[in-house]
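Breakdown of the fold
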Amino acid sequence: MSGDPEGLSFDIATLHAAFAAGTTAADVIAEVYRRIATVGDPGIFIHLRPLEECLAEASALPDFDPLAYPLWGIPFALKDNIDLAGTATTAGCPAYAYEPDAVAVAVAVVRAAGALPVGKTNLDQFATGLVGIRSPYPPPRNALDDALVPGGSSSGSAVAVAHGIVSFALGTDTAGSGRVPAAFNNIVGLKPTLGAISGTGVVPACRTVDTVSVFALTMFDAWRVFRTAAGHDAADAFSRSIAVPPLVAPPPSITIGVPNAMTREFFGDTVQAASFDAALERLAALGAQIVELDFSPFLEAASLLYGGAWVAERLGVVETLMRNRPEALHPVTRQVIGSGARHTAVGAFRDAYRLAELRRKAAPLLARVDLLCVPSVPALCTLADLEADPVGPNSRLGTYTNFVNLMDLCAVTVPTGPRMDALPGSVTLIAEAGRDLLAAAVGWRLHAAAAPYLGATRHPVPATTPPPAGPLPGETALAVAGAHMSGLPLNRELTSRDGRYLYSATTGPAYRLFALTGGTTPRPGMLRCSPGAEIELEIWALPSACLGDFLVSVPPPLSIGTIALSDGSTVKGFLVEHAGTDGAQDITGYGGWRAYLRDRPQAPGKRSARPT
């Protein structure tokens, strides 16, 4: 039995439910091509695979098994600087085109998971631009408003997802190409930690700071694709092994750094400024503490990407074509990349030194917070703006994106609902390398709370919640009840060791909590005794290799023991020796350390009326 997918949202959960009910992968592929015809935008795809070829590939899939094949039957598109065997790679320049012998590693991995490629999408030529229209092909139209640029350089990839033509698309990101188009088209854009996804089979822009990126309708989908695509590639000199565990809910308390008044720029777009303020209010309502930071080191680093030696790295990709056939390049692309010839080796080293200095200046800022949150773009940009000035608006779009890869950070762009003028609003959450999970978890929570619909489809954002997760092989679950909890002073002792939040829980009714005396950081001690009560905990996963180093840092009278949880399971966690409670205040009645910190008496000698 087959079903009609015409009215379906193309998020992965919806499609997999349809497959389980009898819809076939071929049904979905036929619907993809129907939607392409309905949208009627010739600028989205540079190359569209023949329908018959895609139908045959869909029909050849093994039996539906979403556990063995997490992307089974899911249609996707890929930017035309990513190789797909049997299809020319142009990088947006016909004179550069070549026929690859193999698929890019990232494409091979998602296809092995059951995903079905339907075509290669348009882009700013050689991935040089954030506007999405620097192409010899017809530029894609913004999915929500024809007056806006589609965003680039991964313009076609983002527009295809926003229309619900495909469930996800692969792009690339050097200066923001995986984030800016997401912002302009009301979708999720995930820019991973550099090296997490193989770059083999991808035409680079700046190979040292490039990454494959993921566009999707939901954060769950973007994360599923990322988990599938990520992996070490020995053939890629820039590949890194990055842990990509299942998506979980974010910690209950996080600290988010934002640009302060002196480093917050919207270039006169007051509606965008109001949209950003509203997003911060939403984050605060979800439990985040917002901290204003001087973003000067980040902004100066951003200026290096096109004002420094990295533009010469772009020239290295197309130097022969620039020398022999300069007319083959888009005029603006030729102007931007051609400026790389002015840079010298001496200048390149000076720029590298300056970037290292800026990273050092940014380090204490990053240490103060769990995440950064910035406007995805400081101001929206229209086609008319570019007609008046082909370069200036593009440069402004990179204000809060250009520094991310240079500073070796990861990021996710998430929709935050329409602005006051009904145009798309979004923010970008940024984290240190390897902390992709935290950015995605907070992004999921914000997207679910703020955005009413998926892309340009008018399908509502699904009301989904990540299930509680356990530790992975090589990790140990650890229960924390005090200053190591999220948002509290010692939490960084976990996160600096690649600890990750799993879920919140309570003990069984056999514990008492005490506010310990002494020490520079206030902390509690939890004692197993009778009578007792349930105490609030957070369960974190810590790499087992880091456990010994962490245990050395645990001061007396605290120790690590076995804690019984309210569901009957047990976990290792913090306990206190009985002698350590002598003279300590019994705060069991608060139910947990966080409640005690919130409600404890402030006046000296004043006692709480709460029972203990």
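Sequence positions are assigned chain by chain, starting from 1 and proceeding in written order. Residue-level local features of this predicted model are given only where pLDDT is at least 70; pairs of side-chain atoms are given and counted only at 80 or more, and the full residue set underlies all totals for whole chains, interfaces and linings. Side-chain metrics rest on all non-hydrogen atoms present in the structure, leaving aside hydrogens and water.

**Structural notes on the pairing of strand β11 (residues 424-432)**
Exposure classes here rest on a 1.4 Å probe applied to the protein chains alone. A residue is buried below 20% of its type maximum, exposed above 50%, and partly exposed in between. Numbering of helices and strands runs from the N terminus, with a helix taken as a DSSP run of H or I at least four residues long and a strand as a DSSP run of E at least two residues long. Summarising burial for β11: 8 of the 9 residues are buried, a large majority. The criterion for strand pairing is that DSSP finds at least two bridges linking the strands in question. Alignment of strand β10 (residues 409-418) against β11, held across 9 bridges, turns out to be antiparallel. Bridge assignment links G417 to a residue of β11, and that residue is G425. Two successive antiparallel strands, β10 and β11, enclose a turn made up of 5 residues, where A422 displays a positive phi of approximately 75 degrees.

**Quick notes on the sheet that holds strand β17 (residues 558-564)**
The sheet built from 5 strands is open, its strands ordered β13-β16-β12-β18-β17 with mixed pairing. Lying at the two open borders of the sheet, with one neighbouring strand each, are β13 (500-506) and β17. Pairwise comparison of adjacent strand axes, ignoring direction, gives a mean angle of 35 degrees for this sheet. In the packing of helix α18 (residues 544-552) onto the sheet, the strands contacted are β12 (475-480), β16 (536-543), β17 and β18 (570-576), and the crossing angle to β16 comes to about 115 degrees. For every element, the axis is a line fit to its C-alpha atoms; helices are fit only across the contacting stretch, and the angle between N-to-C directions ranges from 0 to 180 degrees. Note on definitions: a residue-residue contact is assigned when non-hydrogen atoms from the two residues lie within 4.5 Å.

**A closer look at unusual backbone geometry**
Between S530 and P531 the backbone carries a cis peptide bond, its omega angle lying at 0 degrees. Following the sequence through the fold, P531 ends up in the loop between β15 (524-528) and β16. The linkage connecting P556 with the following residue, P557, adopts the cis geometry, with an omega of 10 degrees. One can find P557 in the loop between α18 and β17. Its identity is not glycine, yet F126 carries a phi of approximately 55 degrees, on the positive side.

**Comments concerning the pattern of salt bridges**
Just to be clear on terms, a salt bridge is a Lys or Arg side-chain nitrogen sitting within 4 Å of an Asp or Glu carboxyl oxygen. All chains considered together, the criterion is met by 24 salt bridges. One salt bridge connects R34 with E31, and the closest N-O pair in it is separated by 2.8 Å. Here R34 pairs with E31, and both are found in helix α2 (residues 25-39), just 3 residues apart, close to one helical turn. The exposure class assigned to E31 is buried, which follows from its relative accessible area of 5%. For the salt bridge of D269 with R419, the shortest nitrogen-to-oxygen distance reads 3.0 Å. Here D269 is found in the loop between β7 (254-259) and α8 (270-285), whereas its partner R419 is found in the loop between β10 and β11, with 150 residues between them in sequence. The same class applies to D269 as to R419, namely buried. In this structure, a network of salt bridges that share partners links the residues E6, E31, R34 and R35.

**Some points on the packing of aromatic side chains**
Two aromatic rings from Phe, Tyr or Trp, using only the six-membered ring of Trp, form a pair when their centres are within 6.5 Å; if the ring planes differ by under 30 degrees the pair is stacked, by over 60 it is edge-to-face, and anything between is tilted. Overall, the coordinates contain 17 aromatic pairs when judged by the stated rule. When the centroid spacing of 4.9 Å and the interplanar angle of 45 degrees are considered together, the rings of F295 and F298 count as tilted. The exposure classification of F295 matches that of F298, with both residues buried. Where F295 meets F403, the ring centres are 6.4 Å apart and the plane angle is 75 degrees; that geometry is what we call edge-to-face. Here F403 lies in helix α15 (residues 402-406) and F295 lies in the loop between β8 (288-293) and α9 (296-307), a separation of 108 residues in the sequence. For the pair shown, F295 and F403 are each scored as buried. Pairwise contacts between aromatic rings join F19, F64 and W72 into one cluster. Cation placement over rings: the criterion is NZ of Lys or CZ of Arg within 6 Å of the ring centroid and within 35° of the ring normal. In this structure, R35 packs its charged tip against the face of F10, placed 3.8 Å from the ring centre. A cation over an aromatic ring shows up here: R396 above the ring of F267, its NZ or CZ 5.8 Å from the ring centre.

**Remarks on the sheet that holds β15**
Taken in spatial order, the 3 strands line up as β15-β14-β19 in an open sheet, and their pairing is antiparallel. Edge positions in the sheet fall to β15 and β19 (585-586), since each has one partner strand and no second. With 5 bridges connecting them, strand β14 (residues 511-515) and β15 associate as antiparallel partners. Its bridge partner lying in β15, R512 is registered against L527.

**Considering the pairing of β12**
Counting buried positions over the 6 residues of β12 gives 5, a clear majority of the element. Pairing between β12 and β16: 6 bridges, direction antiparallel. Residue pairing across strands places A477 opposite A541, the latter belonging to β16. As paired strands, β12 and β18 are joined by 2 bridges and run parallel to one another. Bridging from a neighbouring strand, A479 pairs with G573 of β18.

**Some details on the side chain of R35**
In this structure, R35 sits in helix α2. Overall, the relative accessible area of 10% leaves R35 in the buried class. In the analysis that follows, any N or O atom pair within 3.5 Å is treated as a polar contact, provided that within protein one partner can donate a hydrogen and the other can accept it, and provided that, for residues neighboring in sequence, both atoms belong to side chains. A polar side-chain atom of R35 sits 3.4 Å from the main-chain carbonyl oxygen of P5. In terms of polar contacts, R35 uses its side chain to reach the backbone carbonyl oxygen of L8, at 2.7 Å. Ignoring any residue separated from it by four or fewer positions in sequence, one finds R35 in contact with P5, E6, L8, F10, G164 and I165.

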